[in-house]
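Topology and contacts: notes
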Amino acid sequence: NAGVTQTPKFQVLKTGQSMTLQCAQDMNHNSMYWYRQDPGMGLRLIYYSASEGTTDKGEVPNGYNVSRLNKREFSLRLESAAPSQTSVYFCASRLMAGDTEAFFGQGTRLTVV
Amino acid sequence: AQSVTQPDIHITVSEGASLELRCNYSYGATPYLFWYVQSPGQGLQLLLKYFSGDTLVQGIKGFEAEFKRSQSSFNLRKPSVHWSDAAEYFCAVNRLEGGGFKTIFGAGTRLFVKA
């Protein structure tokens, strides 16, 4: 019953460092998403992958890249971290149909100093 | 374009009182609407969803929501709030773009419950 698993749970980076956030789901979902959550702004979509082999930009893609490695895994990369990327990051997955809900990981709290 | 608006940033209610959280959406096609709840330090959990049929939908933990197309609203209600309901609540819509659906969230409403 793992659902959506994100690693790491916490991370502190220095400005300019790079890192990759990992996400894996075991529910055979087609679509996967990366969001960032900031106080008062809800969850904002960074990138998504509607199905294996496709990725698209969301509302706030600048400074990020993604890879849909296979159906299970969807990673988010920060090439050169900036303090503005301090946030809580959530990975989510869902089936492709419009009436299906998203399932979320527990989040990664990232601080860039 | 903003798809989901939650006009109340935070709401405080007394335990046992009724609750209504507001949500308005802007979407031309038939909306797929959701309410999620987030407890501190946790991911989001689905409370309920609407995509067709009866406009009053029931969810978990005693919550319900009513879809009103004429008002573009999907407000969440609970008749009697419990202290454990203190959390942040998000309204969301699944919007079709390109090759698939994107889930777009409102800014959230934080619920405080006082004894």
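Each value, and the rule that gives it
- Residues numbered from 1 in each chain as written.
- Chains lettered and ligands numbered in written order.
- Predicted model: local features only at pLDDT ≥ 70, side-chain atom pairs only at ≥ 80, totals over all residues.
- Heavy atoms only, no water.
- Disulfide = S-S within 2.5 Å.
- Helix = DSSP H or I, 4+ residues; strand = E, 2+ residues; numbered from the N terminus.
- Buried < 20%, exposed > 50% of the residue type's maximum accessible area, 1.4 Å probe, protein only.
- Pairing = 2+ DSSP bridges.
- Axes fitted to C-alpha atoms, helices over the stretch in contact; angles between N-to-C directions.
- Contact = heavy atoms within 4.5 Å.
- Buried area = accessible area lost by both parts, 1.4 Å probe.
- Salt bridge = Lys/Arg side-chain N within 4 Å of Asp/Glu carboxyl O.
- Polar contact = N/O pair within 3.5 Å; in protein donor to acceptor, adjacent residues only side chain to side chain.
- Nonpolar A, V, L, I, M, F, W, Y, C, P; charged D, E, K, R; others polar.

A separate point is the state of the cysteines. Residue and element names in this part refer to chain A. Scanning the model with the defined rule gives two disulfides over all chains in all. Across the disulfide, Cys-23 is cross-linked to Cys-91 (sulfur-sulfur distance 1.8 Å). Residues Cys-23 and Cys-91 are joined through a disulfide that is left-handed, its torsion about the S-S bond being -75 degrees. With Cys-23 in strand S3 (residues 19-25) and Cys-91 in strand S9 (residues 87-94), the pair connects residues that are 68 residues apart, well separated along the chain. When sorted by exposure, Cys-23 lands in the same class as Cys-91, which is buried.

With that settled, the discussion passes to the sheet that holds strand S8 (residues 74-78) of chain A. All names here are of chain A. Strands sit in the order S1-S3-S8-S7 across an open sheet of four strands; the sheet is antiparallel. Two strands lie at the open edges of the sheet, namely strand S1 (4-7) and strand S7 (64-68), each paired on one side alone. Going across the sheet, the axis of each strand differs from the next one's by a mean of 15 degrees, ignoring polarity. Pairing of S1 with S3, which is carried by four bridges, proceeds in the antiparallel orientation. Residue Thr-7 lies in a different strand from S3, and its bridge partner there is Gln-22.

On to the pairing of strand S9 (residues 73-78) of chain B, then. All names here are of chain B. For S9, the tally of buried residues reaches five of six residues, placing the bulk of the element in the interior. Sheet topology places strand S3 (residues 19-21) next to S9; three bridges connect them, and they run antiparallel. Pairing of Glu-20 across the sheet is with Arg-77, part of S9. Bridge analysis of strand S8 (residues 64-68) against S9 gives five bridges, and the strand direction is antiparallel. Bridging from a neighbouring strand, Glu-64 pairs with Arg-77 of S9. Count of turn residues in the S8/S9 antiparallel hairpin: four residues, of which Ser-72 carries a positive phi of about 50 degrees.

The next subject is the environment of Asp8(B). All names here are of chain B. For Asp-8, the position within the fold is in the loop between strand S1 (4-5) and strand S2 (10-14). What makes Asp-8 buried here is its relative accessible area of 18%. Put simply, Asp-8 and Ala-65 are 57 residues apart on the chain and 16 Å apart in space, counted from C-alpha to C-alpha. Not counting the four nearest positions on each side in its chain, Asp-8 is found in contact with Arg-22, Gly-108 and Thr-109.

For the peptide bond that leads from Thr7(A) to Pro8(A), omega is -5 degrees, which places it in the cis range. In this structure, Pro8(A) sits in the loop between S1 and strand S2 (10-13). A positive phi angle, near 60 degrees, is found at Lys61(B), a position not held by glycine. As for its position among the elements, Lys61(B) is in the loop between strand S7 (56-58) and S8. The phi torsion at Ser72(B) lies on the positive side, around 50 degrees, for a residue other than glycine. Its location among the elements puts Ser72(B) in the loop between S8 and S9. On the basis of relative accessibility, which here comes to 26%, the residue Ser72(B) falls in the partly exposed class.

The next thing to look at is the interface of chain A and chain B. Counting residues at the interface gives 24 residues for chain A, matched by 24 residues for chain B. Regarding the contact of chain A and chain B, the summed buried area is about 1,800 Å², with carbon and sulfur atoms giving 54% of it. When residues of chain A are sorted by the area they lose upon contact with chain B, Gly98(A), Asp99(A) and Glu101(A) head the list and together hold 25% of the total. Our count for the contact surface shared by chain A and chain B stands at one salt bridge. Salt-bridge contacts for Glu101(A) lead to Lys49(B); the nearest nitrogen and oxygen are separated by 3.1 Å. There are nine residue pairs in polar contact (both at pLDDT 80 or more) connecting chain A and chain B. The set of elements that each furnish at least two residues to the side of chain A that touches chain B consists of strand S4 (31-37), strand S5 (43-49) and S9 of chain A. Along the lines of polarity and charge, the residues of the side of chain A that touches chain B split into 12 nonpolar, seven polar and five charged.

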